[in-house]
Amino acid sequence: MLCTLITAGLLTACNSSDDDTVSIDESTSSTDNGVSNNGTTDGVLCDYAYSEFNDSESVGYNSESQWTCADAMRNLVANGIPDHAVGTFPNDGNPNMITEQDITASITLQPVKTDVATELGGPSGPQGYVLNGVKIDASTGGTCDDSGLICDPGMNVGNWNIEALGQSSFDFGTDDNNAHVQPSGEYHYHGMPEGFITLHGGSSNTMTLIAWASDGFPIYARYGYSTADDATSTLKVLTGSYQLVTAVSDSRPSTDLYALGTFKQDWEYVEGSGDLDECNGRVGVTPEFPNGIYHYYATDSYPFFQRCVKGEVEAAGQLPPPQ
């Protein structure tokens, strides 16, 4: 079997600070050594490939993932099978079995940051893909009506969107990787992909690039520089800038039924309350991008993975059809 092929820089990742202004030097071009010198992502993990059997009891398939770069695009071909141990599926909270998928995606190598936040997830397409080819889809399709008496974890029955993580009222059957399985058999992440991070050496001493967002910018895990534009600053755990609402809507289901944090609408972005912007991103230097780039983080705090992207996304052009 093939084993993991990882270009330089995979086992390092990210930075941190509230400063969203970092000068990016565009005078040099990217190289093919896992480091980009001009803010594009060309030359970084353009030959990542993995093929190995996953012997988890709930899997029993090869995990296949291959990323290539050509014609200004980063292309993914994968079967959606994770490269790490998973929980038991089906389970009481998730009745679906993991099956192979036909995953293809094309993401720009020249992402352009805008001031517009484009929400992704569900029918709008995934927020991105982890390097193992597994989809990031942080929100759920579950809702409650205003009374809170009619709820469905997979159907739209009301205005209150149920969160998969960070609440105890609804069981979505997520495993230790903050992932579960859609009815189509597709395993996907709602939060920190712990098994992937561990498998690839992520720790408090490293900065780990784990994924590519659908707008082309990189996604890092948990740790970042304490000063965004200073690669010599210490690493710290980065936090999102979302807080529980202080004014609870009169139309919300009672907090006696569902504690704050159960629904997406229970969270509001409070600029400066954490390290990141409303899309869980910031501008800064990283090992792969020493001159700086806009990039996202998976965090232990809400929203766990970015729910929106700040880069340009071509409508339907860079996203696979919803499943």
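Residues numbered from 1 in each chain as written. Predicted model: local features only at pLDDT ≥ 70, side-chain atom pairs only at ≥ 80, totals over all residues. Heavy atoms only, no water.

### A word on the packing of aromatic side chains
Logical step 1: Counted according to the given criterion, the structure contains twelve aromatic pairs.
Logical step 2: A centroid spacing of 6.1 Å and a plane angle of 80° characterise the contact between Phe 89 and Tyr 187, whose relative ring orientation is edge-to-face. With Phe 89 in the loop between strand S3 (73-78) and strand S4 (103-108) and Tyr 187 in strand S12 (residues 187-189), the pair connects residues that are 98 residues apart, well separated along the chain. A single burial state applies to Phe 89 and to Tyr 187, both of which are buried.
Logical step 3: Their ring planes at 75° and their centres at 5.8 Å tell us that Tyr 302 and Phe 304 sit as a pair that is edge-to-face. (Phe/Tyr/Trp six-rings, centres within 6.5 Å; stacked < 30°, edge-to-face > 60°. Helix = DSSP H or I, 4+ residues; strand = E, 2+ residues; numbered from the N terminus. Buried < 20%, exposed > 50% of the residue type's maximum accessible area, 1.4 Å probe, protein only.)

### So, the sheet that holds strand S1 (residues 49-54)
Logical step 1: Spatial ordering of the open sheet is given by S1-S2-S3-S4, a layout of four strands whose pairing is antiparallel. Sheet topology places S1 and S4 at the edges, where each strand pairs with a single neighbour. On average, each strand axis in the sheet is tilted by 10° relative to the strand beside it, whichever way the strands run.
Logical step 2: In this sheet, S4 lies alongside S3 in antiparallel orientation, the contact comprising six bridges. Bridging across to S4, Met 73 finds its partner in Thr 108. (Pairing = 2+ DSSP bridges. Axes fitted to C-alpha atoms, helices over the stretch in contact; angles between N-to-C directions.)

### A look at the state of the cysteines
Logical step 1: This model, assessed by the stated rule, comprises three disulfides.
Logical step 2: The disulfide that involves Cys 279 links it to Cys 308, with 2.0 Å between the sulfurs. Given an S-S torsion of about -115°, the disulfide between Cys 279 and Cys 308 has left-handed geometry. Taken together, the residues span a long stretch of sequence, with Cys 279 in the loop between strand S18 (267-269) and strand S19 (281-284) and Cys 308 in strand S21 (residues 308-311) at a distance of 29 residues.
Logical step 3: What makes Cys 279 buried here is its relative accessible area of 0%.
Logical step 4: In the protein, numbering the disulfide-bonded cysteines from first to last in sequence yields the connectivity 1-2, 3-4, 5-6. (Disulfide = S-S within 2.5 Å.)

### Considering the confidence of the model for the protein
Logical step 1: This prediction gives the protein a mean pLDDT of 88; 85% of its residues lie at or above 70.
Logical step 2: For residues 1-33, every residue scores under 50 in pLDDT, and the model assigns this stretch 129 contacts once sequence neighbours within four places are set aside.
Logical step 3: Throughout residues 315-323 the model reports pLDDT below 50, and contacts reaching past four residues in sequence, or to other chains, amount to 20 contacts. (pLDDT = per-residue confidence, 0-100. Contact = heavy atoms within 4.5 Å.)

### Let's talk about the sheet that holds strand S9 (residues 151-152)
Strand pairs in the sheet, formed through backbone hydrogen bonds, run parallel or antiparallel to each other.
Logical step 1: Pairing is antiparallel in the open sheet, where three strands are placed in the order S9-S8-S10. Each of the sheet's edge strands pairs with one partner strand only, and the pair in question is S9 and strand S10 (160-161).
Logical step 2: Two strands pair when backbone bridges link them, and strand S8 (residues 143-144) and S10 are joined in this way by two bridges, in the antiparallel orientation. Along S10, the bridge assignment pairs Thr 143 with Asn 161.

### Some words on the side chain of Asn 132
Logical step 1: Within the element layout of this structure, Asn 132 appears in the loop between strand S6 (128-130) and strand S7 (135-136).
Logical step 2: With relative accessibility at 1%, the residue Asn 132 sits in the buried group.
Logical step 3: A polar atom in the side chain of Asn 132 sits 3.0 Å from the side chain of Asp 83.
Logical step 4: At 3.0 Å, the side chain of Asn 132 and the side chain of Tyr 189 are in polar contact.
Logical step 5: Apart from residues no more than four positions distant in its own chain, Asn 132 is found in contact with Glu 64, Ser 65, Ile 81, Pro 82, Asp 83, His 84, Tyr 189 and Phe 196. (Polar contact = N/O pair within 3.5 Å; in protein donor to acceptor, adjacent residues only side chain to side chain.)

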